Amino acid sequence: MRKNSGLNAQEKMKGLAVGLAATLTTGASGAYATPLVKMSPGAVCSSDMSTTTDYRAGRMNSSASNIDMVCPLLRDRFGVPIEVGIGALDQNISQDVCCSSRSANTSGGSFRFTATKCSTGTHTTSQVLFFDGPDLVYGWDYRWLQCSVPAVDSGRQSGITGLWLVEY
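Only a predicted model underlies this, so the values are computations on that prediction, with no experimental measurement involved.

Caption draft 1: Structural detail: the layout of surface pockets. Within this model, the largest pocket holds a volume of roughly 180 Å³. In this structure, the largest pocket is lined by Asp-54, Tyr-55, Arg-56, Gly-58, Leu-89, Gln-91, Thr-124, Thr-125, Ser-126 and Thr-161. Tallied by class, residues from the lining of the largest pocket come to two nonpolar, six polar and two charged.

Pasting the structure below:
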């Protein structure tokens, strides 16, 4: 069982911060004694539609329609459980930012994904959505988050502000 499963968002953020502090202080050992925590700006996400990078390096939907964004999760440890947090900035009054965690491998096989999680309500700050999975089938699986981001609403853009990846 993963360390942080079943915790609320505030407890998970504390766990991510403690894991980051431990990794920075002691370093990651070959035996993986401490979780490896990595943070990335939302600008690493991409879409084949119109997006912009905001002043804090988030990836925003600048179009008049909903778009899909793909956010790669670059791993350093293979065959270990992961937990992911994504900063969803939802400024659309009638639609939410919705994401799922996905995995596949280059040698074929089916795609795997978690249940979709969505932001709730309209906010001027990011909401964090957490994912743990999908379970690994092969150690060389690659992973990404796939998000549906709503259109610009009254000049306000929604998007992805950041990613947090914990490898156990």
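Caption draft 2: Expanded view of the nonpolar core. Formed by 19 residues in total, the largest nonpolar core has its most connected members in Ile-86, Cys-99, Leu-145, Ile-160 and Leu-163. Elements with a contribution of two residues or more to this core: strand E4 (67-73), strand E5 (82-89), strand E9 (127-131), strand E10 (142-149) and strand E11 (159-167).

Caption draft 3: Quick look at the packing of aromatic side chains. Scanning the model with the defined rule gives one aromatic pair in all. Aromatic side chains Tyr-142 and Trp-144 sit 5.7 Å apart centroid to centroid with 25° between the ring planes, which places their arrangement in the stacked category. Cation over ring: Arg-102 sits above Phe-113, and NZ or CZ is 5.3 Å from the ring centre. The ring of Phe-131 is capped by Lys-117, whose NZ or CZ atom sits 5.3 Å from the centre of that ring.

Caption draft 4: Fine view of the pattern of salt bridges. Tallying each qualifying case throughout the model produces three salt bridges. The partner of Lys-38 in a salt bridge is Asp-76, and the shortest N-O contact between them spans 3.4 Å. Within this pair, whereas Lys-38 is found in strand E1 (residues 36-41), its partner Asp-76 is found in the loop between E4 and E5, the two being separated by 38 residues in sequence. Note that Glu-167 is salt-bridged to Lys-38, the shortest N-O span being 3.6 Å. One end of the pair, Glu-167, is in strand E11; the other, Lys-38, is in strand E1, and 129 residues separate them in sequence. One salt-bridge network, in which partners are shared between bridges, spans Lys-38, Asp-76 and Glu-167.

Conventions we followed
Residues numbered from 1 in each chain as written. Predicted model: local features only at pLDDT ≥ 70, side-chain atom pairs only at ≥ 80, totals over all residues. Heavy atoms only, no water. 1 Å grid on protein atoms, 1.4 Å probe; cavity = no way out; pocket = protein on both sides within 12 Å on 5 of 7 lines; lining within 4 Å. Points joined across faces, edges and corners; volume = space filled by probe spheres on them. Nonpolar A, V, L, I, M, F, W, Y, C, P; charged D, E, K, R; others polar. Core = buried A, V, L, I, M, F, W, Y, C linked by side-chain atoms within 4.5 Å. Buried < 20%, exposed > 50% of the residue type's maximum accessible area, 1.4 Å probe, protein only. Helix = DSSP H or I, 4+ residues; strand = E, 2+ residues; numbered from the N terminus. Phe/Tyr/Trp six-rings, centres within 6.5 Å; stacked < 30°, edge-to-face > 60°. Lys NZ or Arg CZ within 6 Å of the ring centre and 35° of its normal. Salt bridge = Lys/Arg side-chain N within 4 Å of Asp/Glu carboxyl O.

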